[in-house]
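Observations on the model geometry
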Amino acid sequence: GFHQNQQSYFGVTAYKAQQTNGYANLQYEFSYKNNSSLKTGISYRHLNLSENISFSNNNLNRTYAGKYDKVENIPGIFAENTLNIAGDKLTWIAGIRADHHNQFGWEVTPRTLLKYEVTESLNLRGSIGTGWRTVNIFSENIGLLVSSRDIIFTEVLQPEKAINLGFNATQKFRSANVEGYVSVDFYRTNFQNQIFPDYDATPTKAIIKNFNGKSVSNGFQAEVSGTFFEMFAAKMGYVFLDVYQMKGEAKDVLPFNPKHRFNSSASFMPRSKKWHLDANVHWYGQQRLPTTKNNPVVYQMPDKSEGYTIVNAQFTYNLKRFEVYAGTENIFNFRQNKP
């Protein structure tokens, strides 16, 4: 369990919140032939969230100030079976759980995962299942409180629900002086209900409502990692995201999601292991921005942001029982011109 007390101020907007979370789990597990196992149990989740929003002045006539309280109690039952086949080369996990939300009633979520060890160095994984969750609009979209937009709730928010599936292939490699892996992932989420602020209806408001139409998130990631001569390590990864909703026949790409990302890191440590140097580079591609075409021309913005790069580095020195380090974040001092 944990308790959090937060007091934040965004210009004239004050956000004060207290959150208490608790989780309890009791399970029984036993093994049977071929190292397979069955796990069953019960669980209980508790959430008590109180958020208070106020304005020191309200020249913009925003309407969402007030107190937002939420209490959730969610008992649940679950079962999960792990089956090892073909001399542990094939592993199949099938699970199901049922939870009862004190406001929304029963939710049943099945899920299954399959892993196949093609060789000692090549593994394939696949998964499919359902998921659901309730949303906390303000804490999950804290940037809304920085904005001058009014926040409008048009209806009671239902839990987000989705079916998601994924695939992973990992190939390990090793030689006398080099070892590492290459990994490829693809994941797709189909939402039955999604809650994402509508920034496009009007530039002065963020509309919060349920979306029951077609909403999809496709994610692809490729990663390569290697260690050389036990001194130098490097990792590079590329991420492609296609996140959109269908509005009629039109594909509406959701804002603030860069379609392309590139991440890399490198580390050097001499054989003496007295010190090591680490650096990483993060590149984010273009992101769609909320439309401002209804603003006066002087206040209109481009439809997309420019790509940008963040570079960090750190030097660490070992003093037997202690480590001393110095680092720099955002070395090239990237800033948004109009945040």
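What you are looking at is a predicted structure, and each value in this text was computed from that prediction instead of being measured. (Residues numbered from 1 in each chain as written. Predicted model: local features only at pLDDT ≥ 70, side-chain atom pairs only at ≥ 80, totals over all residues. Heavy atoms only, no water.)

The helix and strand inventory of the chain stands at one helix and 18 strands. Summarising its shape, the C-alpha atoms of the chain cover approximately 70 × 50 × 50 Å along the three principal directions. Within the chain, the proportion of its 339 residues that are buried is 30%. Partitioning the intrachain contacts of the chain with sequence separation of at least 6 by distance along the chain shows that 55% fall at a separation of at least 24. Within the structure as shown, the chain displays about 20900 Å² of accessible surface, and the carbon and sulfur contribution to it stands at 57%. Charge centroids of the chain, computed over 36 positive and 28 negative side chains, lie 3 Å from each other. (Helix = DSSP H or I, 4+ residues; strand = E, 2+ residues; numbered from the N terminus. Buried < 20%, exposed > 50% of the residue type's maximum accessible area, 1.4 Å probe, protein only. Contact = heavy atoms within 4.5 Å. Areas by Shrake-Rupley, 256 points an atom, 1.4 Å probe, with all protein chains shown as cover. Lys, Arg positive; Asp, Glu negative; His and termini not counted. Charge placed at Lys NZ, Arg CZ, Asp CG, Glu CD.)

Turning next to the pairing of strand β7 (residues 122–133). Across seven bridges, the pairing between strand β6 (residues 105–117) and β7 is antiparallel. Across the sheet, R111 pairs through a bridge with G129, a residue of β7. Counting the residues that bridge the hairpin from β6 to β7 gives four residues. As judged from the twelve bridges shared by β7 and strand β9 (residues 160–174), these two strands associate in the antiparallel manner. Each residue of the ladder has a partner; that of L124, found in β9, is A169. (Pairing = 2+ DSSP bridges.)

Turning our eyes to something else, we now look at the pairing of strand β2 (residues 13–32). Two elements, strand β1 (residues 2–10) and β2, share nine bridges in a ladder whose sense is antiparallel. Opposite Y9, over in β2, you have A14 as the bridge partner. Between β1 and β2, which pair antiparallel one after the other, the connecting turn spans two residues, and G11 there sits at a positive phi close to 65°. As defined by bridge partners, β2 adjoins strand β3 (residues 36–55) across 20 bridges and the pair is classed as antiparallel. Each bridged residue has a counterpart across the sheet, and for Y28 the counterpart in β3 is T40. If you look at the hairpin formed by β2 and β3, you'll find three residues sitting between the two strands, and N34 has a positive phi there, around 60°.

A few words on a nonpolar patch on the surface. A surface patch of nonpolar side chains, about 900 Å² in accessible area, is lined by F228, F229, F232, F268, L277, F315, Y317, L319, F322 and V324. In terms of residue count, the dominant contributor to the nonpolar patch is strand β17 (residues 308–319) (three residues). Examined against the element boundaries, F228 turns out to sit in strand β12 (residues 215–228). (Patch = residues over 30% accessible without salt bridge, like charges linked within 9 Å, V, L, I, M, F, W, Y side chains within 5 Å. Salt bridge = Lys/Arg side-chain N within 4 Å of Asp/Glu carboxyl O.)

Summed over all chains, the structure comprises 14 aromatic pairs. A centroid spacing of 5.9 Å and a plane angle of 40° characterise the contact between Y28 and F30, whose relative ring orientation is tilted. Overall, Y28 belongs to the exposed group, its relative accessible area being 54%. Looking at F30, the relative accessible area reads 35%, which means it is partly exposed. The rings of F55, Y64, Y68, F138 and F153 are connected pair by pair, giving a single aromatic cluster. The aromatic ring of Y244 is capped on one face by K251, whose charged end is 4.4 Å from the ring centroid. (Phe/Tyr/Trp six-rings, centres within 6.5 Å; stacked < 30°, edge-to-face > 60°. Lys NZ or Arg CZ within 6 Å of the ring centre and 35° of its normal.)

Further remarks concern the pattern of salt bridges. On inspection of all chains with the given rule, the structure shows eleven salt bridges. Linking E140 and R133 is a salt bridge whose minimum nitrogen-to-oxygen distance equals 3.0 Å. Overall, the relative accessible area of 35% leaves E140 in the partly exposed class. Given a relative accessible area of 37%, R133 falls into the partly exposed group. A salt bridge links R288 to D252; its shortest N-O distance comes to 3.7 Å.

Moving on to the confidence of the model for the chain. Summing up the model confidence of the chain, the mean pLDDT is 95 and the portion of residues at 70 or higher is 100%. The least confident element of the chain, judged by mean pLDDT, is strand β14 (residues 250–253) at 93; the most confident is strand β15 (residues 260–268) at 98. (pLDDT = per-residue confidence, 0-100.)

Taken as a class, soluble globular proteins show a tendency for nonpolar side chains to be buried jointly. In this structure, I53, Y64, I137, F138, L145 and I151 are the most contacted members of the largest nonpolar core, which totals 16 residues. Put simply, the parts of the chain that give this core at least two residues each are β2, β3, α1 (137–140) and β11 (205–208). Apart from the residues lying within four places of it in its own chain, the contact partners of I137 are L144, F153, L157, I195 and I208. (Core = buried A, V, L, I, M, F, W, Y, C linked by side-chain atoms within 4.5 Å.)

The next point concerns the side chain of N193. Checked against the element boundaries, N193 lands in strand β10 (residues 178–193). Overall, N193 belongs to the buried group, its relative accessible area being 5%. At 3.5 Å, the side chain of N193 and the backbone oxygen of Q158 are in polar contact. A polar contact is formed between the side chain of N193 and the backbone nitrogen of F211, at a distance of 3.3 Å. Residues within four places of N193 in sequence aside, it is in contact with Q158, P159, E160, K161, N210, F211 and N212. (Polar contact = N/O pair within 3.5 Å; in protein donor to acceptor, adjacent residues only side chain to side chain.)

In this section: unusual backbone geometry. The phi dihedral of N61 is positive, around 55°, even though this residue is not glycine. Of note, N61 is situated in the loop between β3 and β4 (66–85).

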